[in-house]
Amino acid sequence: MKRPGVIVLAILIIILFAIVQFNFIVREGEAVVLTRLGSPVRAVTEAGRYSKLPWPIEDVDRFDSRTQVLETSYEETQTQDGKMVLVGIFAGWRIDDPLVYRSALLGSAKEAESKLDGLIRNEKSAVIGRQPFSSLVNVEAGQLRFDQIEADILVPVRSQAKERYGLDVVTLGIHRLGVPESITEKVFARMRAERQKLADSYEAQGQKESTSIRANADATRDQLINAAKAAAKVTRAEGDAAAMETFKVFSANPEFARLLRGLEGMEEALKKDSTVVMSTDSYPFNLMKGVSDPEELKQP
Amino acid sequence: MNKGIERVLLVVLGLLLAVRVVNEYLGIQTSLLIFDGLWPFTLVAIMVCFYGWLRFYLKRRADEELREQLLEQSQADSSTLFDESSLSPLTMRRTLRQEERYGVPLFCTILATFLGFCAWNLVATIRSPQVPLESPNWLVIIFFLMGESFLFFLLSRYLLGLSRHPGYVLARGPGVYVGLVSMAAAAGGIAALAGHLDFPVADTVVAIVFAVLLGTLTLELVLLLVFTLYSPRRGEAMAEVYHSRIGGLITDPAGWVRNFAHAIDYQFGFNLSETWIYRTLQRMVIPLILSLAGVLYLMSCFVFIQPEEQAVRERFGKPLASGWKLDSGFHLKAPWPIETVRRVPANRILTTTVGYTLEEGEERPEYLLWTQQHFRQGEDPMLLASRPVGANSAEQSSPFGLLLVNVPVEYRITDLHRYLYGFTSPDIIIQRLCRKVLVQELAGRDVNEMLLMERHGLSDSLKETIQVEIDAVGLGVGILFVGLQGIHPPTDVAEAYQSVVASLEEKETAILVAEAYAARLVPTVEAEAETLRLAAETYSANQILQARAEAEQFTYRLGAYRNSPEVYRTEAYLAMLRRTLGGVRKYIIDKPPGSAQVINFDFQEKLNPDIFDLPDLTQEGANSP
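Residues numbered from 1 in each chain as written. Chains lettered and ligands numbered in written order. Predicted model: local features only at pLDDT ≥ 70, side-chain atom pairs only at ≥ 80, totals over all residues. Heavy atoms only, no water.

1. Notes on the overall build of chain A
Then, in step 1: Broken down by element type, chain A carries seven helices and 10 strands.
Then, in step 2: Burial status across chain A gives 40% buried among its 300 residues.
Then, in step 3: Restricting the contact set of chain A to residue pairs at least 6 apart, pairs at least 24 apart contribute 63%.
Then, in step 4: As displayed, chain A offers around 16,500 Å² of accessible surface, 55% of which is attributable to carbon and sulfur atoms. (Helix = DSSP H or I, 4+ residues; strand = E, 2+ residues; numbered from the N terminus. Buried < 20%, exposed > 50% of the residue type's maximum accessible area, 1.4 Å probe, protein only. Contact = heavy atoms within 4.5 Å. Areas by Shrake-Rupley, 256 points an atom, 1.4 Å probe, with all protein chains shown as cover.)

2. Examining the overall build of chain B
Then, in step 1: Of regular secondary structure, chain B possesses 18 helices and 12 strands.
Then, in step 2: By residue count, 41% of the 625 residues in chain B fall in the buried class.
Then, in step 3: Here the contacts in chain B between residues at least 6 apart in sequence split such that 74% fall between residues at least 24 apart.
Then, in step 4: Carbon and sulfur atoms make up 61% of the accessible area of chain B, which amounts to about 35,700 Å² in all.

3. Structural notes on the side chain of Thr280(A)
Then, in step 1: With respect to the helices and strands, the residue Thr280(A) is situated in the loop between strand 10 (275–279) and helix 7 (294–298).
Then, in step 2: The residues contacting Thr280(A), other than those within four sequence positions of it, are Phe285(A), Asn286(A), Met288(A), Lys289(A), Ile588(B), Ile589(B), Asp590(B) and Lys591(B).

4. What about the interface of chain B and chain A?
Then, in step 1: Chain B puts 114 residues into the contact, and the matching count from chain A is 110 residues.
Then, in step 2: Around 10,000 Å² of area is buried between chain B and chain A when both sides are counted, 67% of it from carbon and sulfur atoms.
Then, in step 3: Summed over the shared surface of chain B and chain A, the result is seven salt bridges.
Then, in step 4: Among the salt bridges present, the one from Arg569(B) reaches Glu255(A), with a minimum N-O distance of 3.4 Å.
Then, in step 5: In this structure, the connection of chain B to chain A is made through 36 residue pairs in polar contact (both at pLDDT 80 or more). (Buried area = accessible area lost by both parts, 1.4 Å probe. Salt bridge = Lys/Arg side-chain N within 4 Å of Asp/Glu carboxyl O. Polar contact = N/O pair within 3.5 Å; in protein donor to acceptor, adjacent residues only side chain to side chain.)

5. So, empty space enclosed by the protein
Then, in step 1: Going through the model one piece at a time under the given rule, you end up with one cavity of 30 Å³ or more.
Then, in step 2: Computed from the structure, the largest cavity encloses a volume of approximately 50 Å³.
Then, in step 3: Lining the largest cavity we find Phe250(A), Ala257(A), Leu260(A), Arg261(A), Glu264(A), Glu550(B), Gln553(B), Phe554(B) and Arg557(B).
Then, in step 4: Of all the secondary structure elements, the ones that give two or more residues to the lining of the largest cavity are helix 6 (254–269) of chain A together with helix 15 (491–563) of chain B.
Then, in step 5: When grouped by side-chain class, the residues that make up the lining of the largest cavity number four nonpolar, one polar and four charged. (1 Å grid on protein atoms, 1.4 Å probe; cavity = no way out; pocket = protein on both sides within 12 Å on 5 of 7 lines; lining within 4 Å. Points joined across faces, edges and corners; volume = space filled by probe spheres on them. Nonpolar A, V, L, I, M, F, W, Y, C, P; charged D, E, K, R; others polar.)

6. A word on the pattern of salt bridges
Then, in step 1: For the structure shown, the criterion picks out 35 salt bridges over all chains.
Then, in step 2: The residue Glu314(B) makes a salt bridge to Arg27(A) at a minimum N-O spacing of 2.7 Å. Of this pair, Glu314(B) sits in strand 2 (residues 310–315) while Arg27(A) sits in the loop between strand 1 (23–26) and strand 2 (30–36), each in a different chain.
Then, in step 3: Taking the relative accessible area as the measure of exposure, Glu314(B) reaches 0% and is therefore buried.
Then, in step 4: Where Arg66(A) meets Asp64(A), a salt bridge forms, and the shortest distance between an N and an O atom there is 3.1 Å.

7. Description of the environment of Ala161(A)
Then, in step 1: Its place among the elements puts Ala161(A) in helix 4 (residues 146–165).
Then, in step 2: Separated by 45 residues in sequence, Ala161(A) and Leu116(A) have C-alpha atoms that sit 7.1 Å apart.

8. Observations concerning the sheet that holds strand 5 (residues 58–64) of chain A
All names here are of chain A.
Then, in step 1: Taken in spatial order, the three strands of this open sheet run 3-2-5, and their pairing is antiparallel. Because the sheet does not close on itself, it has two edges, and the strands there are strand 3 (39–44) and strand 5. Direction aside, the axes of adjacent strands within the sheet are offset by 25° on average.
Then, in step 2: Here strand 2 runs beside strand 5; their pairing, made up of seven bridges, is antiparallel. Bridging from a neighbouring strand, Glu30 pairs with Asp64 of strand 5. (Pairing = 2+ DSSP bridges. Axes fitted to C-alpha atoms, helices over the stretch in contact; angles between N-to-C directions.)

9. Some points on unusual backbone geometry
Note: most residues except glycine have negative phi, and most peptide bonds are trans.
Then, in step 1: Between Tyr283(A) and Pro284(A) the backbone carries a cis peptide bond, its omega angle lying at 10°.
Then, in step 2: Examined against the element boundaries, Pro284(A) turns out to sit in the loop between strand 10 and helix 7.
Then, in step 3: Of the consecutive residues Trp336(B) and Pro337(B), the connecting peptide bond is found in the cis state with omega at 5°.
Then, in step 4: Relative to the helices and strands, Pro337(B) resides in the loop between strand 5 (329–332) and strand 6 (339–344).
Then, in step 5: Even without a glycine there, the phi angle at Leu37(A) is positive, about 50°.
Then, in step 6: For Leu37(A), the position within the fold is in the loop between strand 2 and strand 3.
Then, in step 7: Look at Leu106(A): it is not a glycine, yet its phi comes out positive at around 55°.
Then, in step 8: Relative to the helices and strands, Leu106(A) is located in the loop between helix 2 (98–105) and helix 3 (109–128).

10. Focus on the nonpolar core
Then, in step 1: Judged by nonpolar contacts, the single largest core of 87 residues is most densely connected at Leu167(A), Leu177(A) and Leu438(B).
Then, in step 2: Excluding its chain neighbours within four sequence positions, the residues that come into contact with Leu177(A) are Tyr74(A), Val85(A), Leu86(A), Val87(A), Leu136(A), Val137(A), Phe146(A), Leu383(B), Val439(B) and Ala443(B).
Then, in step 3: If you look at the next biggest cluster of nonpolar residues, it comprises 67 residues, including Leu159(B), Tyr177(B), Leu214(B) and Leu221(B). (Core = buried A, V, L, I, M, F, W, Y, C linked by side-chain atoms within 4.5 Å.)

11. Observations concerning a nonpolar patch on the surface
Then, in step 1: A cluster of nonpolar residues, Ile7(A), Leu9(A), Ile11(A), Leu12(A), Ile13(A), Ile15(A), Leu16(A), Ile19(A), Val285(B), Ile286(B), Ile289(B) and Leu290(B), forms a patch on the protein surface that exposes about 1,100 Å² of accessible area.
Then, in step 2: Contributions of two or more residues to the nonpolar patch are made by helix 1 (4–22) of chain A together with helix 10 (276–298) of chain B.
Then, in step 3: No other element matches the eight residues that helix 1 of chain A contributes to the nonpolar patch.
Then, in step 4: Looking at where Ile11(A) falls in the secondary structure, it is placed in helix 1. (Patch = residues over 30% accessible without salt bridge, like charges linked within 9 Å, V, L, I, M, F, W, Y side chains within 5 Å.)

12. Side note on the environment of Leu462(B)
Residues and elements named next belong to chain B.
Then, in step 1: Mapped onto the elements, Leu462 comes out in helix 14 (residues 455–473).
Then, in step 2: Exposure remark for Leu462: the relative accessible area of 1% places this residue in the buried category.
Then, in step 3: Leave out the neighbours within four places in its chain, and Leu462 touches Val437, Leu438, Glu441, Val482 and Leu484.

13. As for a negative patch on the surface
Then, in step 1: Taken together, Glu209(A), Glu505(B), Glu508(B) and Glu515(B) make up a surface patch of like negative charges.
Then, in step 2: In terms of residue count, helix 15 of chain B provides more of the negative patch than any other element does, three residues in total.
Then, in step 3: The topology assignment puts Glu515(B) in helix 15. (Lys, Arg positive; Asp, Glu negative; His and termini not counted. Charge placed at Lys NZ, Arg CZ, Asp CG, Glu CD.)

14. A closer look at the confidence of the model for chain B
All names here are of chain B.
Then, in step 1: Across chain B, the average pLDDT comes to 82, with 87% of residues at or above 70.
Then, in step 2: Per-residue pLDDT, averaged within each element of chain B, yields its smallest value for helix 18 (residues 617–623) (47) and its largest for strand 10 (residues 477–482) (93).
Then, in step 3: In this model, residues 619–625 is a region of pLDDT below 50 whose contacts with residues beyond four sequence positions or in other chains number one contact.
Then, in step 4: In the model output, the complex is listed with pTM 0.60 alongside ipTM 0.73. (pLDDT = per-residue confidence, 0-100.)

This is the structure we're talking about:
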């Protein structure tokens, strides 16, 4: 034996090849269909190592048995009250029966999604066609019927998918909702008009409140001034009245009072810019009468 | 020369044809590019093998013919030694010479044309590949191509080994091209293995390599043919011109190693390749490569889990009953394929976004304005309810509005097993569920209230609802945060919304200006009123005090008056005169008693002129000459 290493290596490769041919591994999240001479024998969904006969006698087809997500087209649908709405639905599906899945859909996930898409769209149109638009969009959240719509779509889709394609639809939901573009433009126009109306209303309210505040302020001003003037009048009158009460003392000697008031009045009258013309006949200027020599007056 | 080599070439031809048929079938079934790249190599090998067989056949027949002639010659009478008529024309040798002279260039031309056409055709096929209807059975393809490769490798080795013996040089051409078929099949098998491991792009990559190789072989063949035609040793070189040197490098590297060893021996002047060092190194190459491969394989026992990751350890595809969860750090495991590890970014906070978002590689804009589209990606508005407005609200045709949303949702993986094995694409289902919850929540809210409302409460509520939905499908994810900061009107109506805000500001401004006027006016007026009040009170108090003072003055004076009325009267009168007449103009007229003299006073001239009594100077100036 010239090259024992090469022979050992060759034997090792042959053993490995035999191991690969007589065993197969199913990973967690995987489903495997074992075929014998091309015809399916059994499905394996539990992870682990299994035995089989070598190819081409037995072979395995592997499928992803985890839940996969399908998204239907964002499709225009008519509601019961004739309104157009765009509805997008997603669904989570997984392989329920690998043997049916393999034979009915050739084990193709694309094929499965294509079939499920058809099923879901069909049921969606029927279910939404029975619901008014207000069950999809409503300010009263209690009137929304999403749960019911989703359940009405899911139940028939699930049973048909299981029966025909060996698939289980584990979840389904409406995740897109909209209106066609032509309607969107109209909605935008209405929203703009609403906003304009609101803006005008705010401006008018501002003017109104501003005018009101100014008018109130002006009224307050007038009220305060008038009240103050009236109060001042009363106060002055009260002062005058109180003064007049004091003047009762003059009645003790009216003649003397008249004298004093006369003198005061005369004093006030002659206080300024007056020219007094008096005769030497009047007292005390009568003292000047008969005096010829002014020096005489100077003498005591 | 015996017929053995011809038989071998016929067997190889048969095998090549059989493999070609199977390849064609698999190519039609799978639409894989590797089969489009394989058939030129197979057909070229068939052509070269057939031509090789033909040349061996001609050569054998020429040799037989020569032997027969020599035998006839030896049996003939020696007396007719120079009898020209006894010599046969050596038809086969002449045919062989003609074939080497004209046949080889013709064959090389055909071969080069065919190779060039195949290269061009393969490029065209790569540019417009057919989409396979279903996933091919990779294992069958791998098995077949590897088997094909192994079979032709052995045949190639045999032919190349044979070609090193004298008289069998012509076997090198078929050996090289059969070796190329073997290598191409091996490359195809590796591409199929990559496809089986979810790397289908390997099919295209290998096809491109095939196209490049075919082009290179064409170029090499054309150049060799041209150089040989003008070579002084045309006759010898032409016989082997189609034995591709590049093909030989690929299929018979040992030949190049031998040439290298001979070159070293020649350079050093002694047989270096015969020394024990060289031989030891030669012996160690393969064990070294195998050892390296073994070490590389054993590297699959070491696992390094990154800080943001956790991993699941699987044995034969099934998570271990205990110790299945690997935290970040270094771990040991059984080698592949016994144990494998699946990594999950469980320690990282992951984010999905509902609504408009940044595209990959897109930079976040500096300003986010409602009136401008934020990101390159189109923004799809969401539908909201709209509370009817106005008197005819009952007839509102479209009780809904539209808003743009950008809602980031942060989450963390809480259950590795569910996250990993529950869904093929957990991030997609999370995004769809988040979007579903948001769409259905917004459909029940008024568009304007949504813009004005306090959103923290809604954020918490959405977080809880999304968590419920996620738990319902068993995803193994915990929602950490739902951000509602990016909700605003669509770009088309954003300006109208801004004008409302501007109107609100205008309203507030008008009110504030009016309030400022009021705030300024009222205190001023109050001060004025206070002034009036105080003036009146002062007046009143003054009057009373004055009156009291006068009364008291009167009382005191009255006492004095009563004591001496006449004196008091006179004194008071004179006092008054003293006080008043001191500063006024006085005229005292003294006229004799009984005088009838009338005195006239002209006070006009005497009075100081008032400013208003001055003459009009302007009039005077105007009238003056």
